[in-house]
Amino acid sequence: AQTVTQSQPEMSVQEAETVTLSCTYDTSESDYYLFWYKQPPSRQMILVIRQEAYKQQNATENRFSVNFQKAAKSFSLKISDSQLGDAAMYFCAYRSGYGNKLVFGAGTILRVKS
Amino acid sequence: ETGVTQSPTHLIKTRGQQVTLRCSSQSGHNTVSWYQQALGQGPQFIFQYYREEENGRGNFPPRFSGLQFPNYSSELNVNALELDDSALYLCASSKRGGRETQYFGPGTRLLVL
């Protein structure tokens with residue numbers, strides 16, 4: 001079974017600074033997708049970024065980018081120019097290429113200081 | 001384009017009761033997945049409905065059941081509620097049996113006393 005590990009229960013960043021959230025996963029599959037979701041206090045899970053395992057290029061969405069290291073099974077999220085609105089719980093998630101369910105990590109709380 | 005909606009937002013039940021939670025999928029989506037998120041944890045997959053049929057199930061007992069309707073909205077039913085069923089219940093809609101990106105609703109907070 002696939003597992004997703006987020007080793008940082010909580011992180012803090014100063015406004016306008018950069019922060020990196022870590023995620024590792026375990027799978028024997030070669031075809032899969034990785035996601036970062038953001039869950040603010042409002043509870044709605046919002047997709048931040050998605051990475052296909054077959055793509056070597058790291059995904060980027062505005063201030064959000066990932067460092068995907070397939071051999072190391074690592075998928076970190078970098079948030080540049082952090083804003084107060086980035087404060088939330090961040091979840092890393094895995095989906096098999098042929099599967100239909102998301103497997104989530106335990107989450108990392110991100111606090112942004114002004 | 002209408003996003004994923006869920007109802008109710010909160011509810012309180014007592015142990016042994018039954019509950020029904022509802023989810024309306026995003027326009028153009030034919031798949032609904034349900035997740036249970038206990039406090040301080042990541043969501044856990046309950047099951048998925050695709051074209052009105054159950055399309056995969058996580059490690060949850062049979063007292064968790066569901067339906068999907070022709071308009072692709074869905075219900076999650078939980079019988080014989082237990083204290084440990086207290087959680088945030090999230091639904092996510094997508095296309096193609098969950099093989100496209102899943103978009104989440106705001107969730108239903110269930111408290112079992």
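Use the structure listed above.
Residues numbered from 1 in each chain as written. Chains lettered and ligands numbered in written order. Predicted model: local features only at pLDDT ≥ 70, side-chain atom pairs only at ≥ 80, totals over all residues. Heavy atoms only, no water.

### Regarding the overall build of chain B
Across its full length, chain B holds zero helices and 11 strands. Listed by position from the N terminus, the elements making up chain B come as β-β-β-β-β-β-β-β-β-β-β. For chain B, the C-alpha radius of gyration of 13 Å lies close to 13 Å, the compact-globule estimate for 113 residues. Each principal axis of the C-alpha distribution contributes one length, and for chain B these read about 40 × 25 × 25 Å. Counting all 113 residues of chain B, 50% fall into the buried class. Considering only intrachain contacts with a sequence separation of at least 6, the fraction spanning at least 24 residues in chain B is 55%. By element, 46% of the accessible surface of chain B is carried by carbon and sulfur atoms, the whole surface being about 5,300 Å². Across chain B, the 10 positively charged side chains and the 9 negatively charged ones have centroids separated by 2 Å. (Helix = DSSP H or I, 4+ residues; strand = E, 2+ residues; numbered from the N terminus. Rg over C-alpha atoms; globule rule 2.2 N^0.38 Å. Buried < 20%, exposed > 50% of the residue type's maximum accessible area, 1.4 Å probe, protein only. Contact = heavy atoms within 4.5 Å. Areas by Shrake-Rupley, 256 points an atom, 1.4 Å probe, with all protein chains shown as cover. Lys, Arg positive; Asp, Glu negative; His and termini not counted. Charge placed at Lys NZ, Arg CZ, Asp CG, Glu CD.)

### Describing a nonpolar patch on the surface
All names here are of chain B. Where nonpolar side chains cluster on the molecular surface, the patch consists of Ile12, Leu111 and Leu113 and spans about 300 Å² of accessible area. In this fold, Leu111 is placed in strand E11 (residues 108–112). Given a relative accessible area of 37%, Leu111 falls into the partly exposed group. (Patch = residues over 30% accessible without salt bridge, like charges linked within 9 Å, V, L, I, M, F, W, Y side chains within 5 Å. Salt bridge = Lys/Arg side-chain N within 4 Å of Asp/Glu carboxyl O.)

### A short note on the sheet that holds strand E8 (residues 74–78) of chain B
All names here are of chain B. Judged by pairing direction, the sheet is antiparallel, and its four strands sit side by side in the order E1-E3-E8-E7 without closing on themselves. At either margin of the open sheet sits one strand with a lone partner, and together these are strand E1 (5–7) and strand E7 (64–68). Strand-to-strand twist of the sheet, defined as the mean angle between neighbouring strand axes without regard to direction, takes the value 20 degrees. Across three bridges, E1 lies against strand E3 (residues 19–24) in antiparallel orientation. Bridged to Thr5 within E3 is Ser24. (Pairing = 2+ DSSP bridges. Axes fitted to C-alpha atoms, helices over the stretch in contact; angles between N-to-C directions.)

### Some points on the nonpolar core
Grouped together as the largest cluster of nonpolar side chains are 26 residues, with contacts concentrated most on Tyr25(A), Trp36(A), Phe75(A), Leu77(A), Tyr90(A) and Leu110(A). Those elements giving two or more residues to this core turn out to be strand E3 (19–21), strand E5 (32–39), strand E6 (46–52), strand E8 (64–69), strand E9 (74–79), strand E10 (88–96) and strand E12 (108–113) of chain A. It is E10(A) that provides the largest number of residues to this core, a total of four residues. Setting aside residues up to four positions removed in sequence, Tyr25(A) forms contacts with Thr3(A), Val4(A), Tyr32(A), Leu34(A), Phe68(A), Gln69(A), Lys70(A), Lys73(A), Ser74(A), Phe75(A) and Tyr94(A). Core analysis: the second largest hydrophobic core is formed by 20 residues, Val4(B), Val32(B), Phe47(B) and Phe60(B) among them. (Core = buried A, V, L, I, M, F, W, Y, C linked by side-chain atoms within 4.5 Å.)

### A word on the interface of chain A and chain B
Between chain A and chain B, the contact holds 19 residues from the first and 29 residues from the second. Buried area between chain A and chain B, both sides added, is near 1,700 Å², and the carbon and sulfur share of it is 48%. Joining chain A to chain B, the criterion identifies zero salt bridges. At the junction of chain A with chain B, the criterion picks out 12 residue pairs in polar contact (both at pLDDT 80 or more). When contributions to the side of chain A that touches chain B are tallied by element, the ones reaching two or more residues are E5, E6 and E10 of chain A. (Buried area = accessible area lost by both parts, 1.4 Å probe. Polar contact = N/O pair within 3.5 Å; in protein donor to acceptor, adjacent residues only side chain to side chain.)

### Focus on the state of the cysteines
The bond known as a disulfide is covalent and runs between the sulfur atoms of two cysteines. One pass over the structure, following the stated rule, counts two disulfides over all chains. Across the disulfide, Cys23(A) is cross-linked to Cys92(A) (sulfur-sulfur distance 2.0 Å). Where Cys23(A) bonds to Cys92(A) through sulfur, the torsion about that S-S bond is close to -70 degrees, and the disulfide is left-handed. You can see Cys23(A) sitting in the loop between E3 and strand E4 (24–26) and its partner Cys92(A) sitting in strand E10, a full 69 residues away along the chain. Judged by relative accessible area, which is 1%, Cys23(A) ranks as buried. With a sulfur-sulfur separation of 1.9 Å, Cys23(B) is cross-linked through a disulfide to Cys91(B). Taking the sign of the S-S torsion, 70 degrees for the link of Cys23(B) and Cys91(B), the bridge is right-handed. With a gap of 68 residues between them, Cys23(B) in strand E3 and Cys91(B) in strand E9 (residues 87–94) connect regions that are remote in the sequence. When its relative accessible area of 0% is taken as the criterion, Cys91(B) is described as buried. (Disulfide = S-S within 2.5 Å.)

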